[in-house]
Amino acid sequence: MPSIGVQIGGGRKRAGLTWLIVLAALVAIASALFFFFYESDEEKIQNRLDSFADACNDMDIQEIFYSFDKQTRMLYDTSIGITEGLVGGLIGFDLPIGDMIEFGGLELGGQFNIDIEVLTITVDDDEAAVEASITIDGKTETDTIYMCQEGSDWYIDYEATTGESIMGSMNSLYG
């Protein structure tokens, strides 16, 4: 007479092994995605300076200003708003100067060629000093560009790089 055997506990071992394999696969996928998409601070700084140089070469004023620290970006946004209001008040209708700058509707002087070659990057918490070889229209200089971290992004620190406040710079231009 045939006997019927009952296995107790074998299903649990297989279920546990299946979950272990699934967990290991998920960890491997998450690790691969992290390393594939992860950018070091140095890479983020290099990318910001590359974007800045491209914006300068394209005369993309908005992108140039958005390469700088928060205070500089806020002053740019405020000055565009004030200018739009003043010009709109004078001519009797709104003139979207910010949009005109963004879409190339304003000619802003001659074209020039800038190249920034990063030599060294020294990161200290949320600040960085970038030693760079900067070539503008064929003339090369080595200088330090200071960067600041805002959130996870890096921006050019206008005041630290130029040695003067953005307000001082604006006053010397218009004062």
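Read on for an overview of the structure. (Residues numbered from 1 in each chain as written. Predicted model: local features only at pLDDT ≥ 70, side-chain atom pairs only at ≥ 80, totals over all residues. Heavy atoms only, no water.)

## Considering the overall build of the chain
Looking only at helices and strands, one finds 7 helices and 4 strands in the chain. Order of helices (α) and strands (β) in the chain, N terminus to C terminus: α-α-α-α-α-β-β-β-β-α-α. Here the chain holds 175 residues, and 25% of them are scored as buried. Across the chain, contacts joining residues at least 24 apart in sequence account for 42% of those joining residues at least 6 apart. Summed over all atoms, the accessible surface of the chain reaches about 12200 Å², with 58% contributed by carbon and sulfur. (Helix = DSSP H or I, 4+ residues; strand = E, 2+ residues; numbered from the N terminus. Buried < 20%, exposed > 50% of the residue type's maximum accessible area, 1.4 Å probe, protein only. Contact = heavy atoms within 4.5 Å. Areas by Shrake-Rupley, 256 points an atom, 1.4 Å probe, with all protein chains shown as cover.)

## Concerning the side chain of Arg 48
Along the polypeptide, Arg 48 turns up in helix H2 (residues 41-58). The charged side chain of Arg 48 is buried without a salt bridge, its nearest counter-charge being Glu 63 at 4.5 Å. Sequence-distant contacts of Arg 48, that is, excluding residues within four places in its chain, are made with Tyr 66, Ser 67, Met 147, Asp 153, Trp 154 and Tyr 155. (Lys, Arg positive; Asp, Glu negative; His and termini not counted. Salt bridge = Lys/Arg side-chain N within 4 Å of Asp/Glu carboxyl O.)

## With respect to the nonpolar core
Residues Leu 49, Val 130, Ile 145 and Met 147 are the most contacted members of the largest nonpolar core, which totals 23 residues. Secondary-structure elements contributing two or more residues to this core are H2, helix H3 (61-65), strand S1 (114-124), strand S2 (127-136), strand S3 (139-150) and strand S4 (153-156). Sorting elements by how many residues they give to this core places H2 first, with 6 residues. Among all residues touching Met 147, those that are not within four sequence positions of it are Ile 45, Arg 48, Leu 49, Asp 126, Glu 127, Ala 128, Val 130, Trp 154, Tyr 155, Ile 156 and Asp 157. (Core = buried A, V, L, I, M, F, W, Y, C linked by side-chain atoms within 4.5 Å.)

## Topic: the packing of aromatic side chains
For the coordinates displayed, the defined rule picks out 2 aromatic pairs. On the numbers, 5.6 Å between centres and 85° between planes, the contact of Phe 52 with Phe 68 is edge-to-face. Note that Phe 52 is positioned in helix H2 and Phe 68 in the loop between H3 and helix H4 (70-91), a separation of 16 residues in sequence. Each member of the pair Phe 52 and Phe 68 is classed as buried. (Phe/Tyr/Trp six-rings, centres within 6.5 Å; stacked < 30°, edge-to-face > 60°.)

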